[in-house]
Amino acid sequence: MKISDVVAFMGHQVHVCRYREAGTLLDWMGRDLRGRRVLDVAGGDGYWAGRARRRGAEAVSIDLARTKMVYGRTLAHAPALIECDALRLPFADGSFDAVLSVCAIEHFDDGGRSLDEMARVLKPGGEIFMSADVLSRADAWPKLRDAHKAKYHVQHTYTHDSLRKLMDERGLDLVKHSYQFRTAASERLYLSLSTYGGKVGFNAAAPLTPLVALADRKAPNERGSIVLVRARKR
């Protein structure tokens, strides 16, 4: 295994939330993706699209971060990497069987416009697998909330209901959803790590992942720091 793959593994999978977050979306997508075209919107270095490619998909990842994409081309199982704007996708209508987007929509000034494009390039019957910042209790810790939003350029937050409404307007039906970091303690942990720890902190907190997952299973699936949704195009 190349050093670049080890670094990517540490950054994406040794992480208190990303592995469970993106891993769940990929599990919803399916283990056997042969014959399917998958688009990862704002996929950075394309790591997660590469996981879809490993499952047999013809995978494409788009982003505007050229440095990340150049790095992504060095990874094993690298998908096709295209530098473009998520609000103006350079693909024909109905080009993809599935669209993946891991915590990207909250960074767009116009989340609805990004969904317009995702829905446009999706085939009828195709599915979107998406996560988004919710920060359900963030108002309880305004300094942490504001620091998180400023550090990660969070323009908007979403719930499964607000995403359901946006998707319904674009011909998409919400199939399922799941919140992560559902308890107050877990959500404060998430915001504290993002504010004070950044990538290093999220990775250092990886041993807590099983505890967070256990707490999530015991808590109602009603709120949390991150929401995962699966939606199907009519």
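Residues numbered from 1 in each chain as written. Predicted model: local features only at pLDDT ≥ 70, side-chain atom pairs only at ≥ 80, totals over all residues. Heavy atoms only, no water.

Notes on the packing of helix H6 (residues 142–151) against helix H8 (residues 184–204)
The description of two helices packed together rests on the angle between their axes and the distance between the axes.
Step number 1: Two numbers describe how H6 lies on H8: the axes approach to 9 Å, and their chain directions differ by 55°. Our classification of the angle between H6 and H8 gives oblique. For the pair H6 and H8, the crossing hand works out as left-handed. Here Leu144, Ala147, His148 and Lys151 of H6 lie close against H8, whose contacting residues are Arg188, Tyr190, Leu191, Ser192, Ser194, Thr195, Tyr196 and Gly198. (Axes fitted to C-alpha atoms, helices over the stretch in contact; angles between N-to-C directions. Helix = DSSP H or I, 4+ residues; strand = E, 2+ residues; numbered from the N terminus. Parallel < 35°, antiparallel > 145°, perpendicular 65-115°, else oblique. Left-handed = near helix turned anticlockwise from the far one by under 90°. Contact = heavy atoms within 4.5 Å.)

So, the UniProt feature "domain: Methyltransferase type" (unreviewed entry) in the chain
Step number 1: Residues annotated in UniProt with the feature "domain: Methyltransferase type" (unreviewed entry) correspond here to residues 39–129.
Step number 2: When the span residues 39–129 is considered, its composition is 29% helix and 30% strand, and the gap between its end C-alpha atoms is 10 Å. (UniProt positions renumbered as here; feature names shortened; annotations may be inferred.)

Considering the sheet that holds strand E4 (residues 96–101)
Step number 1: As summarised here, the arrangement of the seven strands in space is E3-E2-E1-E4-E5-E7-E6, forming an open sheet in which the pairing is mixed. A single partner strand is all that each edge strand has here, and the edge strands are strand E3 (80–83) and strand E6 (172–180). Averaged over all pairs of adjacent strands, the angle between their axes in this sheet comes to 15°, without regard to strand direction.
Step number 2: Examined bridge by bridge, strand E5 (residues 122–133) and strand E7 (residues 226–233) share seven bridges and lie antiparallel to one another. Looking across to E7, one finds that Ile128 is bridged to Ala231. (Pairing = 2+ DSSP bridges.)

Let's talk about the pattern of salt bridges
Step number 1: For the structure shown, the criterion picks out 22 salt bridges.
Step number 2: Of the charged contacts, one joins Glu127 and Arg230 as a salt bridge, the two residues approaching to 3.0 Å between their closest N and O atoms. With a gap of 103 residues between them, Glu127 in strand E5 and Arg230 in strand E7 connect regions that are remote in the sequence.
Step number 3: Accessibility expressed as a relative area gives 18% for Arg230, which makes it buried.
Step number 4: Here Asp173 makes a salt bridge to Arg234, at a shortest N to O gap of 2.9 Å. With Asp173 in strand E6 and Arg234 in the segment after E7, this residue pair connects regions lying 61 residues apart in the sequence.
Step number 5: Since its relative accessible area comes to 36%, Asp173 is described here as partly exposed. (Salt bridge = Lys/Arg side-chain N within 4 Å of Asp/Glu carboxyl O. Buried < 20%, exposed > 50% of the residue type's maximum accessible area, 1.4 Å probe, protein only.)

Regarding the nonpolar core
Step number 1: In terms of nonpolar packing, the biggest core is built from 32 residues, with Leu39, Ile62, Ile128, Met130 and Met167 touching the most fellow members.
Step number 2: Taken together, the elements giving at least two residues each to this core come down to strand E1 (37–41), strand E2 (58–63), E4, helix H5 (111–121), E5, helix H7 (160–168), E6 and E7.
Step number 3: Every residue in contact with Leu39, bar those within four places of it in the chain, is listed here: Val60, Ile62, Leu89, Phe91, Phe96, Ala98, Val99, Leu100 and Val121. (Core = buried A, V, L, I, M, F, W, Y, C linked by side-chain atoms within 4.5 Å.)

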